[in-house]
Structures are given as C-alpha cells and as structure tokens.
Amino acid sequence: MDKRNRILVLIDFSENTDNLIDFAFSLAETINAKVVLVHKIPGLVPSMTDEMSRREILKAEINEASSKLRELARDRVYSDDSFQISEKPILTLLRDLKLPQYFDWVFTGLKEGGVLRRLFIGSTTLSVIEESDMLTVTVPTETKMNLPEKLLVGVHPNYPLNPEHFHRVLKGLENNVKNIEFFTILKEDEAEQTTREHLLKLQTEYKSFEPDIQVYRSDDAASTLSDKMKLSHNSILVLQQGSRSLTDKLFRKFTINELVYRAQTPLIVLSK
C-alpha cells in the first residue's frame, strides 16, 4: 500500500510563522498531504516542584500552545491529531509521531535573527536537517513562498540521492516543476571527469524531466548560483543529507546563507 504524504510543521510561535504554515498548506494541496502542527513546550518547571504542581504547569503550557496552534491553523485542519504538543525534544517527538501509513515531510522555518546566527552552535533546524531520517523542508519565513517551478539539485558522486525521497519530491511536484538542474560544486583541486560522468548518469536516469547539468567551481559558485536563484522565481534547492554542502562548515555557510536565506529559496534535504 502506498503511503500517504503527511506534513509535520514545527512551530515555535516566532515572527512570520504564518508564512511557514501558509506554504505548508499550499504544498499539502499539491501533494495530497495531511498537515500536522507540532510544538515543543518549554516545560519550565522549577526543580523542587512537586509532581502535582509540575503537571499543572505543563498542562497550562499545553493549553496555551493548543489555543495558539488552532488560531494559526485558521480552520484549515479538522481533527485533534493535527495538533501535536509535547515537552519532549523535537527529534524524539518526530520519532514518536512516525506511523507506517504516512510518508513524512518535516517543515522548519529559517529566520535571520535566530537559526541563521546560531547555525554553528546548534539549533533545532540544524539538528533536524542533520539527524532526522525524514525528508526535511527548510523555509525562509520573511516573505511568502510560492510553489516551486524549478528544482536545483546539488549532487556529488560520493553522496547518492535517497531514491525514495527524491521520487516523492518529483512525484509530488510533477505538475508544478518545469525545469530541473543537477549541479555539483567542486573545490579548485578536484578533478571534473568523475563528476561529469555522475551528472550525465543522472541526466539519463531522469531524462523524462529533461534536466540540465552544471559544474561550478567553489570560487564562482556563490555568486553564480545565488544570482540564478534570484532570477529563477519559485525555485527550490534539494540536497542530500550527509553531503559536503551540509557537513562542511564553509559549504554549509554558503548553502544556508547565500542560497537559502539571501535568495529566499526553500531547501529540501533528503535523508540518508
């Protein structure tokens, strides 16, 4: 039985959360997905608090969060299981929410004042990107996002794309996406032949989408790709979890700062 798509939207009630939720519901219509709003309460209970008082404090936090989530949903969801609130760490909560009948897309927001500045010292978004076994969608929240018409897929011979996840992306967006580009960013001392062969293989494998292929050198990749994304309205960046673009600090800074935040382009990360 084919799994139904489900979108788990991580909500922290920060500024511009509406843009994240609107994009999630817009994509949900396209990929026929159930939307679930997920929130981790602070669970700020003094250490000497007795158990009954602890439960009352947590209950109050949960009730407040529930009211806020329902307000943000604006009557676009109709069942209680579309709101998930817990004091558990996000990665633990996501594991607990897994169900065999769903294929999950985890939505997180990216904002300059928060995640961007804390990118190298830990954040919820970065933890989900690096450690979750679910497909992750990171969305800049300063402006409203439209459904993507172009996929820019960063690849490397050493980091093969997760075929199940990539198929889900292609299948879900096939009626919207008009162009695909597979690209690789090489350091100056790296040979190009193996990369070219890998790109040509992908071009053949996905020939029904008539994809373009491109190799960028690290010294000109930032400006070239960023300009391309700004000119290619409604594009989305796709990367493989574990790839150098996400694990290498310099590449990750370029990926997040220039391609995602500066160009206001959503990022899809396929898990290993």
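Not measured: the values here are computed from a predicted model. (Residues numbered from 1 in each chain as written. Predicted model: local features only at pLDDT ≥ 70, side-chain atom pairs only at ≥ 80, totals over all residues. Heavy atoms only, no water.)

Visitor: Can you walk me through the overall build of the protein in this structure?
Guide: Helix and strand counts for the protein stand at ten helices and ten strands. Taking all 272 residues of the protein together, 51% fall into the buried category. Within the protein, contacts between residues separated by at least 24 positions form 80% of all contacts whose residues are at least 6 apart in sequence. Surface accessibility of the protein: about 13700 Å² in total, with carbon and sulfur atoms responsible for 48%. (Helix = DSSP H or I, 4+ residues; strand = E, 2+ residues; numbered from the N terminus. Buried < 20%, exposed > 50% of the residue type's maximum accessible area, 1.4 Å probe, protein only. Contact = heavy atoms within 4.5 Å. Areas by Shrake-Rupley, 256 points an atom, 1.4 Å probe, with all protein chains shown as cover.)

Visitor: How should the pattern of salt bridges be read in this particular structure?
Guide: Where side chains of opposite charge bring their charged atoms close, a pairing between them can arise. For the structure shown, the criterion picks out 17 salt bridges. The salt bridge partner of arginine 54 is glutamate 51, with a shortest N-O separation of 3.9 Å. Taken together, the residues span about one helical turn, with arginine 54 and glutamate 51 both in helix α2 (residues 51-73) at a distance of three residues. Taking relative accessible area as the criterion, arginine 54 reaches 28% and is therefore assigned partly exposed. Classification of glutamate 51 as partly exposed rests on a relative accessible area of 42%. For the salt bridge of glutamate 87 with arginine 54, the shortest nitrogen-to-oxygen distance reads 3.0 Å. Of the two residues, glutamate 87 sits in the loop between β3 (83-86) and α3 (90-97) while arginine 54 sits in helix α2, which places them 33 residues apart along the sequence. (Salt bridge = Lys/Arg side-chain N within 4 Å of Asp/Glu carboxyl O.)

Visitor: What's the story with the packing of aromatic side chains in this structure? I'm lost.
Guide: By the definition in use, this model includes six aromatic pairs. Aromatic ring contacts, followed pair by pair, group Phe166, Phe182 and Tyr206 into a single cluster. (Phe/Tyr/Trp six-rings, centres within 6.5 Å; stacked < 30°, edge-to-face > 60°.)

Visitor: Before we go on, may I ask you to explain the confidence of the model for the protein in this structure?
Guide: Caution is warranted with low-pLDDT regions, since their predicted coordinates should not be read in detail. Of all residues in the protein, 87% have pLDDT values of 70 or greater, and the mean over the chain is 85. Ranking the elements of the protein by mean pLDDT puts helix α4 (residues 112-116) last with 47 and strand β1 (residues 4-10) first with 96. (pLDDT = per-residue confidence, 0-100.)

Visitor: I would appreciate a short explanation of empty space enclosed by the protein in the present structure.
Guide: To locate leftover empty space, one rolls a probe as large as a water molecule over the atoms. According to the stated counting rule, one finds two cavities of 30 Å³ or more in the structure shown. Estimated volume of the largest cavity: approximately 120 Å³. Of all the secondary-structure elements, those providing two or more residues to the lining of the largest cavity are β7 (179-186) and α9 (244-247). The leading source of residues in the lining of the largest cavity is β7, at three residues. (1 Å grid on protein atoms, 1.4 Å probe; cavity = no way out; pocket = protein on both sides within 12 Å on 5 of 7 lines; lining within 4 Å. Points joined across faces, edges and corners; volume = space filled by probe spheres on them.)

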